[in-house]
Amino acid sequence: CRAALLLGVSSFVLAADVTLGGRVLDPDGAAVRAARVKLYPLGSTQFRETRSDREGRYEFPALPEGDYWLEANAPGFGAGRIERVSLRAAETRDIA
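Residues numbered from 1 in each chain as written. Predicted model: local features only at pLDDT ≥ 70, side-chain atom pairs only at ≥ 80, totals over all residues. Heavy atoms only, no water.

Draft legend 1. Quick peek at the sheet that holds strand 4 (residues 36-41). The strand order 5-4-7-8 describes an open sheet built from four strands, whose pairing is antiparallel. The sheet is open, and its two edges are formed by strand 5 (48-51) and strand 8 (80-87), each paired on a single side. Pairs of neighbouring strands in the sheet enclose a mean axial angle of 20°, with direction left out of account. Pairing geometry for strand 4 and strand 7 (residues 66-73), over six bridges, is antiparallel. Considered in strand 7, the bridge of P41 is made with Y68. (Pairing = 2+ DSSP bridges. Helix = DSSP H or I, 4+ residues; strand = E, 2+ residues; numbered from the N terminus. Axes fitted to C-alpha atoms, helices over the stretch in contact; angles between N-to-C directions.)

Encoded structure:
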């Protein structure tokens, strides 16, 4: 049985676009480097992809407002997933 990855999310606004970022952590809270993080608009099969850095951080800049879901994968771990993240202009928040 593989442990699932944990995804943290934060968002902030730059001009009219929203940036979504966070960290990928293992079950013990350690950063997961080079995790593959995908961001999907709800109801779509198209996605944007990035990789986490050595501190487990990832970022998706210049996103339009909307509802999204995220998935993270890394060798040796089960997938981590956040089912819904709603991004709105003029809103800043963190999701643990």
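Read on for the rest.
Draft legend 2. Local environment of the side chain of D26. Along the chain, D26 turns up in the loop between strand 3 (17-25) and strand 4. Buried within the structure, D26 lacks any salt-bridge partner; R23 is the closest side chain of opposite charge, at an N-O distance of 9.3 Å. A polar side-chain atom of D26 sits 2.9 Å from the main-chain amide nitrogen of D28. Setting aside residues up to four positions removed in sequence, D26 forms contacts with L6, V32 and F77. (Buried < 20%, exposed > 50% of the residue type's maximum accessible area, 1.4 Å probe, protein only. Lys, Arg positive; Asp, Glu negative; His and termini not counted. Salt bridge = Lys/Arg side-chain N within 4 Å of Asp/Glu carboxyl O. Polar contact = N/O pair within 3.5 Å; in protein donor to acceptor, adjacent residues only side chain to side chain. Contact = heavy atoms within 4.5 Å.)

Worth remembering: the numbers are spatial, not functional.
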